[in-house]
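# Coordinate inspection notes
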Amino acid sequence: MLTGRTSQPTGEALHLLWVVFLREPGTTKGARTAEEDASAAVAGDPRLVFRMLQEDDMTRCRGVNAVLWIVVWLLMASPAPEAYSADADKKAENVILRVNGEPIGQESLDKEMARYEGQTAQPEQSPDPAKKEAIRKKVLDGMVDRILLLQESQKLGISVTDAQVDEEMSKFKARFPKPEQFEAILARMKVTEADVRTEYRRRLAIRAVVEREVTPKATVAEADIKVFYEQNPSLFKVPEQVRASHILVKVDQQATDQDKAKAREKILSLKKRVENGEDFATVAKDNSDCPSAAKGGDLDYFQRGQMVASFEEAAFALKPGEMSDVVETQFGYHLIKVADRKEPGDMPFEEMKPTIEEHLKQQKIADMLTAYTAELRSKAKIEEVPSK
């Protein structure tokens, strides 16, 4: 995956791209969608645990303790209801700015700043007072740009149907394992489902403007793709990887010695069955306590640093086709079988070409969006309203 940029778009372009395209982290070619990741999290898929929580893959065997974090992450990574409301600001007496007559109130700005600070600050850490004014300007600029883009959507005759909003809402709700979690997060954020629907309608309108006025002009030459690939070799390094399956007999951390003995006896009996010719995947599917059992214990490819130490050491010591002895981790007892091994190397240019092209295209759209919103600002009547 691409993790760096060769330049930084100015203004609110990157934030607007987030808003406009409703993008999720990790949407490069071959990556799963956020919806698939959320489902995988509930299922205990190891890819998600490492990618989203930056912990070892074996965390998935703890059950779904990480789901709450994932739900919060999804809400933050997805369209959150705008803190400001044009209807509310029209009635407010504390209007601080008008954008072509459209008001922004102080209360709306305060709420938007609180949301921004809540998503960027460290837990229990108050924002640096020295940065308060910079945050205020950044947030207010974003609010102005979104109003301008919404106004432009009306000029262009763009309309968003209820069906489009319904589709986005369905996708959003589907990320939550249970409806109650969706409702609880809304309650915590002090917003309603109607607020979320309104925000989707706004963002779909903005996205339509960008896709019509900006995106078609953002083209990437193959020479630029090649240059990026050659100038950023570290982004395309592939470490040593193994593809392994495992069988887990789970042992609770508070288990008694007797419970541990029973679990070890069970894993040894499963090991003997495999050694006597039974298919490893079948035994895993029928007996493993890990969610990967549904896939015959398959954990796909992983590199060093993604598993707990004892599991990783055993897996990387095996040759393709070999099965380990019993391996103990904090999750219980494992049998590990390696199916394949990949030596370290470089990802081929042709394989990475579509990903690089998409990266450069989004970067170009961000730059062009900065220019586009600057042009809208130059034609707009933006008035500061003196405080009373």
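In case you missed it, the structure is sitting above this.
Residues numbered from 1 in each chain as written. Predicted model: local features only at pLDDT ≥ 70, side-chain atom pairs only at ≥ 80, totals over all residues. Heavy atoms only, no water.

## Observations concerning the sheet that holds strand β6 (residues 327–329)
Strand order in the open sheet formed by 4 strands is β5-β4-β7-β6, and the pairing between neighbours is antiparallel. A single partner strand is all that each edge strand has here, and the edge strands are β5 (298–303) and β6. Across the sheet, the axes of successive neighbouring strands diverge by a mean angle of 45°, strand direction being ignored. Contacts from helix α13 (residues 280–287) reach β4 (241–250) and β7 (332–342) within the one sheet, and its direction differs from that of β4 by about 40°. Its contacts with the sheet put helix α14 (residues 309–317) on β4, β5, β6 and β7, and the angle it makes with β7 is roughly 40°. (Pairing = 2+ DSSP bridges. Helix = DSSP H or I, 4+ residues; strand = E, 2+ residues; numbered from the N terminus. Axes fitted to C-alpha atoms, helices over the stretch in contact; angles between N-to-C directions. Contact = heavy atoms within 4.5 Å.)

## Side note on the nonpolar core
Counting 39 residues, the largest nonpolar core has Ile104, Leu109, Leu140 and Tyr372 as the members making the most contacts within it. Residue contributions to this core peak at 9 residues, all from helix α7 (residues 132–155). Not counting residues within four places of it along the chain, the set of residues in contact with Leu140 comprises Ile96, Leu97, Ile104 and Leu109. (Core = buried A, V, L, I, M, F, W, Y, C linked by side-chain atoms within 4.5 Å. Buried < 20%, exposed > 50% of the residue type's maximum accessible area, 1.4 Å probe, protein only.)

## Let's talk about the side chain of Ser153
Its place among the elements puts Ser153 in helix α7. Apart from residues lying up to four places away in sequence, Ser153 is in contact with Ile158, Ala205 and Val209.

## Digging into the sheet that holds strand β9 (residues 382–384)
In spatial order, the strands read β2-β1-β9; together these 3 strands make up an open sheet with antiparallel pairing. Because the sheet does not close on itself, it has two edges, and the strands there are β2 (102–105) and β9. On average, each strand axis in the sheet is tilted by 20° relative to the strand beside it, whichever way the strands run. Relative to β2, strand β1 (residues 95–99) runs antiparallel, the two sharing 4 bridges. The residue bridging Leu97 from the neighbouring strand is Ile104, located in β2.

## Re the side chain of Glu312
One can find Glu312 in helix α14. The buried charged residue Glu312 lacks any salt bridge, with Arg304 as its nearest oppositely charged partner at 4.2 Å. If we skip the residues at most four places from it in the chain, Glu312 touches Gln303, Arg304, Gly305, Gln306 and Met307. (Lys, Arg positive; Asp, Glu negative; His and termini not counted. Salt bridge = Lys/Arg side-chain N within 4 Å of Asp/Glu carboxyl O.)

## A word on α13
Note: α-helices contain 3.6 residues per turn, so residues at a spacing of three or four share the same orientation. Among the residues of α13, those classed as buried are Phe280, Val283, Ala284 and Asn287. Down the axis of α13, the smallest arc covering the buried residues is 100°, so these residues share one side. With respect to the buried face of α13, the exposed residues turned more than 90 degrees away are Lys285 and Asp286. Those residues of α13 that are buried are in contact with β4, α12 (257–275) and β7. (Arc of directions from axis to C-beta.)

## Concerning α12
The end-to-end C-alpha distance of α12 is 27 Å, a good match for the 27 Å that 19 residues give at a rise of 1.5 Å each. Among the residues of α12, those classed as buried are Ala263, Ile267, Leu270, Lys271 and Val274. Across the axial projection of α12, the buried residues extend over an arc of 105°, all falling on one side. Looking at α12, the residues exposed on the side facing more than 90 degrees away from the buried face are Asp257, Gln258, Lys262, Glu265, Lys272 and Glu275. Packing partners of the buried residues in α12 comprise β4, α13 and β7. (Expected span 1.5 Å × (residues − 1).)

## Details of the packing of aromatic side chains
Tallying each qualifying case throughout the model produces 7 aromatic pairs. Relative to Phe349, the ring of Tyr229 lies with its centre 5.3 Å away and its plane at 70°, an arrangement referred to as edge-to-face. Note that Tyr229 is positioned in helix α11 (residues 222–231) and Phe349 in helix α15 (residues 349–379), a separation of 120 residues in sequence. The buried category is assigned to Tyr229, whose relative accessible area is 17%. Centre to centre, the rings of Phe302 and Phe316 are 6.0 Å apart; their planes meet at 80°, and the pair counts as edge-to-face. Taken together, the residues Phe302 in strand β5 and Phe316 in helix α14 connect sequence positions 14 residues apart. Since its relative accessible area comes to 8%, Phe316 is described here as buried. (Phe/Tyr/Trp six-rings, centres within 6.5 Å; stacked < 30°, edge-to-face > 60°.)

## Focus on the packing of α11 against α15
Following both chains from N to C, one finds α11 and α15 inclined at 105°, their axes separated by 9 Å at the closest point. Relative to α15, α11 is oriented roughly perpendicular. Residues Glu222, Asp224, Ile225, Lys226, Phe228 and Tyr229 of α11 touch α15, and the partners they reach there are Phe349, Lys353, Ile356, Glu357, His359 and Leu360. Partitioning the contact of α11 with α15 into residue classes produces 6 nonpolar, 1 polar and 5 charged. (Parallel < 35°, antiparallel > 145°, perpendicular 65-115°, else oblique. Nonpolar A, V, L, I, M, F, W, Y, C, P; charged D, E, K, R; others polar.)

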